[in-house]
Amino acid sequence: MRVGRLQVALGAGLVFGLLGCSTVVSSGQTYSVSKTGFASVKKAPASPAVPAPETDEVSQSFWRSPQVLFARQNNAEARALDARLRAEAPENFVEFRLSQEPDIHYLFSFLGDAETTLARYTSNPIFKPNTVKYTAEALEAKSSEFHAAVAVLYPEHNLESTSSVDILKGKVVAHLDLYEEDFKTFPTLDRFRYDPMVELNYNGPLDPPEVLSAQVAPLIRHFAHGTIQEPMVIFGYSGEGKIRLKDGCFFLDDGKRKDQLVVFPKRVGAVVDDEGYIALIDRSPHPGNKTTTRVGEPAQWYSGPKVVTDLDILTPLRSACGQYDAVIIGAPMPRSTH
């Protein structure tokens, strides 16, 4: 997905009449503005440090919680019942787990005749019967089928997924690293969309939904999006450097090669931050991913830079910003705060 050329020029009266020059000053930050109204930024001070999260009192008291105390008191009996059912009713018994809806108890799941079967083995009211559609083995097999289909699409399409088996739902709950509107790009996955054993979840919705805020949009000539696979388990950063603005176009300065146009992952957008700096934001709906990186400050990212060859991305980008090479990088983060 790409955001097309944005050429809402700032009015001459605003830029030059009020300020009397080609520099915008906002809350102590300055960035130059060309005669066409687009911004340039070479450097910026580091983003404010993100405060460490406060200690979670709930996690501190975990070992004193009613669920843990209940499990300590009854775990031995529950495991003994589990072992007996696996030995004597292997074709029907599926699993047991601790549950707290509506009160704390152990839930023992069967493929059928759950109440009668459990009653033959125990009368303890802390053990409750439940019926499920599929065994863990059947769901694991479906999970393997799903991941095999996704694996064929990687790395050419940079598509990955994670999944978990939910016995109580009777589903393989899968998260595809794409947005629902892009699902039609992968017709070989259609069969899983309507599979009763699969629940598909997608990325998004992005927050905020706008790629460019109203305040920053007039200053940006072109903002390009592409697809890059960012690892889910992070062992280190792939790249670092500064992202600069030159007459409304984003360039990467990584100390290796100059004048590389930058393409961003779909979830990245741009705003003017609270102190007036033009900044890149991660619009991921997951709170842990929410980062803001000022244009011109030292930054880092998990994936890339990777050369962009897709003409659907390159053609409008070069038309707006010039005939430069282009690279895509992962969502940027401030280097000073990570």
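Residues numbered from 1 in each chain as written. Predicted model: local features only at pLDDT ≥ 70, side-chain atom pairs only at ≥ 80, totals over all residues. Heavy atoms only, no water.

## Considering helix α5 (residues 136-152)
Step number 1: A rise of 1.5 Å per residue sets the reference length of α5, with its 17 residues, at 24 Å; its end C-alpha atoms lie 25 Å apart and thus fit the reference within 8%.
Step number 2: Taken together, the buried positions of α5 are Leu 139, Lys 142, Ser 143, Phe 146, Ala 149 and Val 150. Around the axis of α5, the buried residues are gathered within 125° of arc, so they sit on the same side. Along α5, exposed side chains directed more than 90 degrees from the buried face belong to Glu 137 and Val 152.
Step number 3: Contacts made by the buried residues of α5 are with β7 (161-166), β8 (171-179), α6 (190-193) and β9 (198-203). (Helix = DSSP H or I, 4+ residues; strand = E, 2+ residues; numbered from the N terminus. Expected span 1.5 Å × (residues − 1). Buried < 20%, exposed > 50% of the residue type's maximum accessible area, 1.4 Å probe, protein only. Arc of directions from axis to C-beta. Contact = heavy atoms within 4.5 Å.)

## Some details on the environment of Gly 322
Step number 1: Mapping Gly 322 onto the fold places it in the loop between α7 (311-321) and β19 (326-328).
Step number 2: The spatial distance from the C-alpha of Gly 322 to the C-alpha of Asp 259 is 9.9 Å, given a sequence separation of 63 residues.
Step number 3: Discounting residues that sit within four places of it in the chain, Gly 322 has contacts with Leu 261 and Leu 317.

## As for the pairing of β8
Along any regular strand, the residues point their side chains to alternate faces of the sheet.
Step number 1: As defined by bridge partners, β7 adjoins β8 across six bridges and the pair is classed as antiparallel. By the bridge assignment for β8, Ser 161 is matched with Leu 176.
Step number 2: Hairpin connection, β7 to β8: the antiparallel pair is bridged by four residues, and Gly 170 has positive phi, about 70°.
Step number 3: Of the pairings in the sheet, the one linking β8 to β9 comprises five bridges and is parallel in character. Within the sheet, the bridge partner assigned to Val 172 lies in β9 and is Val 198. (Pairing = 2+ DSSP bridges.)

## Examining the layout of surface pockets
Step number 1: A volume near 240 Å³ is recorded for the second largest pocket.
Step number 2: Taken together, Ser 40, Val 41, Lys 42, Arg 244, Leu 245, Lys 246, Phe 251, Leu 252, Asp 253, Lys 258 and Asp 259 make up the full set of residues lining the second largest pocket.
Step number 3: Sorting the residues of the lining of the second largest pocket by element identifies β11 (239-246) and β12 (249-253) as the ones contributing at least two each.
Step number 4: Looking at the lining of the second largest pocket, its residues break down into four nonpolar, one polar and six charged. (1 Å grid on protein atoms, 1.4 Å probe; cavity = no way out; pocket = protein on both sides within 12 Å on 5 of 7 lines; lining within 4 Å. Points joined across faces, edges and corners; volume = space filled by probe spheres on them. Nonpolar A, V, L, I, M, F, W, Y, C, P; charged D, E, K, R; others polar.)

## Concerning the sheet that holds β8
Step number 1: Ordered in space as β7-β8-β9, the three strands form an open sheet in which the pairing is mixed. Edge strands, defined here as strands with exactly one partner in the open sheet, are β7 and β9. Across the sheet, the axes of successive neighbouring strands diverge by a mean angle of 20°, strand direction being ignored.
Step number 2: Lying on the sheet, α5 is in contact with β7, β8 and β9; it crosses β7 at an angle near 170°. (Axes fitted to C-alpha atoms, helices over the stretch in contact; angles between N-to-C directions.)

## Re the state of the cysteines
Step number 1: With the rule as written, the count across this model stands at one disulfide.
Step number 2: Covalent S-S linkage joins Cys 249 and Cys 321, the inter-sulfur distance amounting to 1.9 Å. Measuring the twist about the S-S bond at about -85°, one finds the Cys 249-Cys 321 disulfide to be left-handed. Here the residue Cys 249 occupies a position in strand β12, and Cys 321 occupies one in helix α7, the gap between them amounting to 72 residues.
Step number 3: Look at Cys 249 and you get buried, because its relative accessible area is 2%.
Step number 4: Take Cys 321: its relative accessible area is 11%, and that puts it in the buried class. (Disulfide = S-S within 2.5 Å.)

## Notes on the confidence of the model for the chain
Step number 1: Considering every residue of the chain, the mean pLDDT works out to 83; 81% of them sit at 70 or more.
Step number 2: Of all the helices and strands in the chain, helix α1 (residues 12-18) carries the lowest mean pLDDT, 30, while helix α4 (residues 114-119) carries the highest, 97.
Step number 3: For the stretch residues 1-29, pLDDT sits under 50, and the model shows 59 contacts to residues farther than four places along the chain or on other chains. (pLDDT = per-residue confidence, 0-100.)

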